[in-house]
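# Examining the three-dimensional arrangement
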Amino acid sequence: MSEQPHLIVVDDHRDIRETLARYLGQHGYRVQTAADGPALRQLMRAAAVDLVVLDIMMPGEDGLSLCRWLRESHAVPVILLTAVAEDTDRIVGLEMGADDYVTKPFNPRELLARIKAVLRRAQSLPPQRNTAASRTLRFAGWTLDTAAQTLTDRAGATTDLSTGEFRLLNAFLAHPGMTLSRDQLLDLTRGRDAEVYDRSIDNQVSRLRRKIEPDPSQPTLIKTVWGGGYAFTAQPEPLD
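Parameters and conventions
Residues numbered from 1 in each chain as written. Predicted model: local features only at pLDDT ≥ 70, side-chain atom pairs only at ≥ 80, totals over all residues. Heavy atoms only, no water. Pairing = 2+ DSSP bridges. Helix = DSSP H or I, 4+ residues; strand = E, 2+ residues; numbered from the N terminus. Axes fitted to C-alpha atoms, helices over the stretch in contact; angles between N-to-C directions. Contact = heavy atoms within 4.5 Å. Core = buried A, V, L, I, M, F, W, Y, C linked by side-chain atoms within 4.5 Å. Buried < 20%, exposed > 50% of the residue type's maximum accessible area, 1.4 Å probe, protein only. Polar contact = N/O pair within 3.5 Å; in protein donor to acceptor, adjacent residues only side chain to side chain.

### Examining the sheet that holds strand β5 (residues 100-104)
Spatial strand order, β2-β1-β3-β4-β5: five strands in an open sheet with parallel pairing. Looking at strand neighbours, the two that pair on one side only are β2 (30-34) and β5, the edges of this open sheet. Between one strand axis and the next, the sheet turns by 20° as a mean value, whatever way the strands run. In this structure, strand β3 (residues 51-55) lies alongside strand β4 (residues 78-83), joined through four bridges in parallel fashion. Bridging from a neighbouring strand, V53 pairs with I79 of β4. Helix α1 (residues 14-26) contacts β1 (6-10), β2, β4 and β5 of the sheet and is inclined by roughly 175° relative to β2. Running over the sheet, helix α3 (residues 63-73) touches β3 and β4 and is turned about 160° from β3.

Below, the structure written as structure tokens:
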């Protein structure tokens, strides 16, 4: 990340996006603004971006659709701007992979604090392997279709994964051989808002082991690193 992080503020209200751009610029950020999806896409193509502040309620393509597109095509943190009555949209946004949210009306200092926290977390995460961009991955006799979120064995039988289990497996496949702490796994699975306690990761790991390990009582794919977290031992092979 550069010394001056590059942010994009996306909001269809000109006064909001320009006010935020000035405020964040005064606090050491390089800020560009976008009024809609096409403008955001153009900015994302033009330069590396460190974080996107994204309003949910916009005419045409809304913030949830844009959040989904960002998560599918870019490894960039997203903070949503939501209205007080948009509980459902906030939850859906977090499920789509948004890193945090701020409820309107908000104090710019709160948004600034959340931006700093999300960027710190993003900096602390290990780099992803190139295989993470592949739509289909094979590992240890399993095949994961990341777009369809389906996991099949050698015989072609499908194993159902919950959303949490899919995200956890995806995080492991993106960081094979690396020891990931519980905090890092919480951030990589975008579950920190809903799953506060470290034990939630332990429970997810146990459930995932029961589905993919030859012997869950003696795991060989997801190894426990005492005092460190977990490490995924298989090397994924991209199929596309």
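### So, the nonpolar core
Formed by 25 residues in total, the largest nonpolar core has its most connected members in F139, L169, F172, I212 and F232. Looking at this core, the elements with two or more residues in it are β6 (136-139), β7 (142-145), α6 (163-174), α7 (182-188), α8 (199-212) and β12 (229-232). Looking at which element gives the most residues to this core, the answer is α6, with six residues. Those residues within four positions of L169 in sequence are excluded, and the remaining contacts are F139, L144, L151, L161, L208, I212 and F232. A34, M44, W69 and L94 belong to the second-largest nonpolar core, a separate cluster that totals 23 residues.

### Some thoughts on the side chain of D145
Secondary-structure assignment places D145 in strand β7. Given a relative accessible area of 15%, D145 falls into the buried group. In this structure the side chain of D145 is engaged in a polar contact, spanning 3.1 Å, whose partner is the backbone nitrogen of A148. Beyond its immediate chain neighbours, meaning those up to four positions away, D145 contacts R135, T136, T150 and F166.

### Notes on the pairing of strand β11 (residues 222-225)
As paired elements, β11 and β12 share four bridges and run antiparallel to each other. Directly across from I222, in β12, lies its bridge partner F232. The antiparallel hairpin formed by β11 and β12 contains three residues in its connecting segment, where G227 sits at a positive phi of about 80°.

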